[in-house]
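Architecture and fold: a report
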Amino acid sequence: FLPLYQDRLVMVTAADHPLAGAGVQHPGEAVPWIDLSLFQAETFILASPPQSTRIYTDRALAHAGVRPKRVYQLENLEASAQLAAEGLGVTFNLESYIRRFSYPKPIRYFYVGPPEMRVDYSVVFRNDKYMPAYTHEFISILKEKLSPP
């Protein structure tokens, strides 16, 4: 396999959320980190359980000791971010998705969970098979387009 990039889980809030100022900027990090336990009383807009984003979200919530009391479930990750932008709750997504969505209302997003929590994306191929030049070129384009800005 060939690693392409690493992604991170982020929590999304409305830009004017009362806790949006509680993020902590760690050296070398592009995005502030926030303690999920501060949001215990919030409404959580979560992906459906089979979605990978939900698996990572559940890990981050467990790490913070948070058990959401009010939960909405949506399969559409962009819609959940739009609901968070409207102030209807907080949601989670992968950083690479959030950067590509368009928001009529501003949002804030924060890294959450343990610092070592990453989502690795790779290209898997067979070493014993020929890979044409156009496949190598496609992989290069993917790496370029998927890399953080």
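All of the points below concern the structure found in this document. (Residues numbered from 1 in each chain as written. Predicted model: local features only at pLDDT ≥ 70, side-chain atom pairs only at ≥ 80, totals over all residues. Heavy atoms only, no water.)

Observations regarding helix H2 (residues 77-85)
Among all positions of H2, only Leu77, Ser80, Ala81, Ala84 and Ala85 are buried. Projected onto a plane normal to the axis of H2, the buried residues spread over an arc of 145 degrees and lie on a single side. Of the residues flanking the start of H2, the one acting as N-cap is asparagine 76, its side-chain oxygen 3.0 Å from the backbone nitrogen of glutamate 78. A positive phi of about 85 degrees marks glycine 87, the residue just after H2. (Buried < 20%, exposed > 50% of the residue type's maximum accessible area, 1.4 Å probe, protein only. Helix = DSSP H or I, 4+ residues; strand = E, 2+ residues; numbered from the N terminus. Arc of directions from axis to C-beta. Polar contact = N/O pair within 3.5 Å; in protein donor to acceptor, adjacent residues only side chain to side chain.)

Side note on the packing of aromatic side chains
Inspection of every chain in the model, using the stated rule, returns three aromatic pairs. Where phenylalanine 44 meets phenylalanine 92, the ring centres are 6.1 Å apart and the plane angle is 0 degrees; that geometry is what we call stacked. Here phenylalanine 92 lies in strand S5 (residues 90-94) and phenylalanine 44 lies in strand S3 (residues 43-47), a separation of 48 residues in the sequence. A single burial state applies to phenylalanine 44 and to phenylalanine 92, both of which are buried. With a centroid separation of 6.3 Å and 75 degrees between ring planes, the pair formed by phenylalanine 101 and tyrosine 103 is classed as edge-to-face. The ring of tyrosine 111 has arginine 8 lying over it, and the distance from NZ or CZ to the ring centre is 3.7 Å. (Phe/Tyr/Trp six-rings, centres within 6.5 Å; stacked < 30°, edge-to-face > 60°. Lys NZ or Arg CZ within 6 Å of the ring centre and 35° of its normal.)

Description of the environment of proline 104
Within the element layout of this structure, proline 104 appears in the loop between helix H3 (95-98) and strand S6 (107-111). What makes proline 104 exposed here is its relative accessible area of 73%. Through-space distance from the C-alpha of proline 104 to that of glutamate 86 is 9.4 Å; in sequence the pair is 18 residues apart.

Notes on the nonpolar core
Of all hydrophobic cores here, the largest spans 19 residues; its most connected members are Leu9, Met11, Leu36, Phe44, Phe92 and Val112. Among the secondary structure elements, those contributing two or more residues to this core are strand S2 (9-14), S3, helix H1 (52-64) and S5. Each residue touching valine 112, except ones within four places of it in the same chain, is listed here: Leu9, Val10, Met11, Trp33, Ile34, Leu36, Ala60, Phe92 and Met117. Of all hydrophobic cores here, the second largest spans 10 residues; its members include Ala81, Ala84, Tyr103 and Tyr111. (Core = buried A, V, L, I, M, F, W, Y, C linked by side-chain atoms within 4.5 Å. Contact = heavy atoms within 4.5 Å.)

Observations regarding the environment of phenylalanine 110
By secondary structure assignment, the location of phenylalanine 110 is in strand S6. C-alpha of phenylalanine 110 to C-alpha of glycine 23: the two residues are 87 residues apart in sequence and 6.9 Å apart in space. Filtering out sequence-adjacent residues up to four positions away, phenylalanine 110 remains in contact with Leu9, Val10, Met11, Thr13, Ala20, Gly23, Val31, Pro32 and Ile34.

With respect to the pairing of S2
Most of S2 sits out of view: six of its six residues are buried. With four bridges connecting them, S2 and S5 associate as antiparallel partners. Across the sheet, valine 12 pairs through a bridge with threonine 91, a residue of S5. When S2 meets S6, the two strands line up antiparallel, connected through five bridges. What sits directly across from methionine 11, in S6, is phenylalanine 110. (Pairing = 2+ DSSP bridges.)

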